[in-house]
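Chain by chain, the residues:
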Amino acid sequence: MERKSFAAGPALALVLSALGCTESRQDAAEESGPGPGSKNLEAEREKQRGKGEKFVLTDSEWEKRLTPEQYYVLRRKGTERAFTGKHWDSKKEGAYLCAACGNELFSSRTKFDSGTGWPSFWEPISSDKVRLEDDTSLFMTRTEVLCKLCDSHLGHVFDDGPAPTHQRYCINSVALDLAEKKEKKEP
Ligand SMILES: [Zn+2]
């Protein structure tokens, strides 16, 4: 009997110290996790977006906000498989928005059938909607297209598009949300 309780002493101390360690880790995780303030943060960033300022989220916030496929393409510079997206073959009229932040990027009026299986446009709504960057990954030199507001990866731009710009913005469907035009005649 006596021996048993003697042995429990150091074992208990070990358990307690292990608990202590776990506890402090949890504290650290809670600080960066979603708290009561995260809704205000989101509202604040919505406001930034309205002013045309940068739309900035942390990586874990992006992961929560986006679907896994959106996250892979937009935040990890992935590419969806050709002919699988919802917009490549769409003839619907409207504005194509950044699926990450809602920035208006392309108009259906500049969309054309490139035969690639990805939605293609000959120009963005305006040049200040997107940001271009050299991309030398995969042993190729390409020009990456990013959303200027939130820096999400959209696709690439090539010089083999149709008139009038002869450019081809080759964009992932999953990076775009279509705001369909209402059935109303233009003034
Ligand atoms: Zn964006």
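Residues numbered from 1 in each chain as written. Predicted model: local features only at pLDDT ≥ 70, side-chain atom pairs only at ≥ 80, totals over all residues. Heavy atoms only, no water.

Chemist: I tried to follow unusual backbone geometry on my own but got confused; where do I start?
Modeler: Peptide bonds are mostly trans, and most non-glycine residues show a negative phi. Ala-163 connects to Pro-164 through a cis peptide bond whose omega is 5°. With respect to the helices and strands, the residue Pro-164 is situated in the loop between strand E7 (153-158) and strand E8 (168-171). In the Ramachandran plot, Leu-138 falls in the positive-phi region, its phi being about 60° despite a non-glycine side chain. As for its position among the elements, Leu-138 is in the loop between strand E5 (130-135) and strand E6 (142-147). (Helix = DSSP H or I, 4+ residues; strand = E, 2+ residues; numbered from the N terminus.)

Chemist: When you look at the environment of Pro-119 in this model, what are you seeing that I'm missing?
Modeler: Topologically, Pro-119 is positioned in the loop between strand E3 (111-112) and strand E4 (120-121). The class of Pro-119 is buried, set by a relative accessible area of 0%. Separated by 32 residues in the primary sequence, Pro-119 and His-87 place their C-alpha atoms 5.8 Å from one another. Those residues in contact with Pro-119, other than ones at most four positions away along the chain, are Glu-80, His-87, Trp-88, Lys-111, Tyr-169, Cys-170, Ile-171, Asn-172, Ser-173 and Leu-176. (Buried < 20%, exposed > 50% of the residue type's maximum accessible area, 1.4 Å probe, protein only. Contact = heavy atoms within 4.5 Å.)

Chemist: Help me out: how do you make sense of the pattern of salt bridges in this one?
Modeler: Inspection of the entire model under this criterion finds 10 salt bridges. Asp-151 is the partner of Arg-131 in a salt bridge, and the nearest nitrogen-oxygen pair spans 2.9 Å. Placement of Arg-131 in strand E5 and of Asp-151 in the loop between E6 and E7 is noted, with a sequence separation of 20 residues between them. A relative accessible area of 26% places Arg-131 in the partly exposed class. When its relative accessible area of 30% is taken as the criterion, Asp-151 is described as partly exposed. A salt bridge links Arg-142 to Asp-135, with the shortest nitrogen-to-oxygen separation between them at 3.5 Å. Of the two residues, Arg-142 and Asp-135, neither departs from the other in class, the shared state being buried. Linked through salt bridges whose partners overlap, the residues forming this network are Lys-54, Arg-131, Glu-133 and Asp-151. (Salt bridge = Lys/Arg side-chain N within 4 Å of Asp/Glu carboxyl O.)

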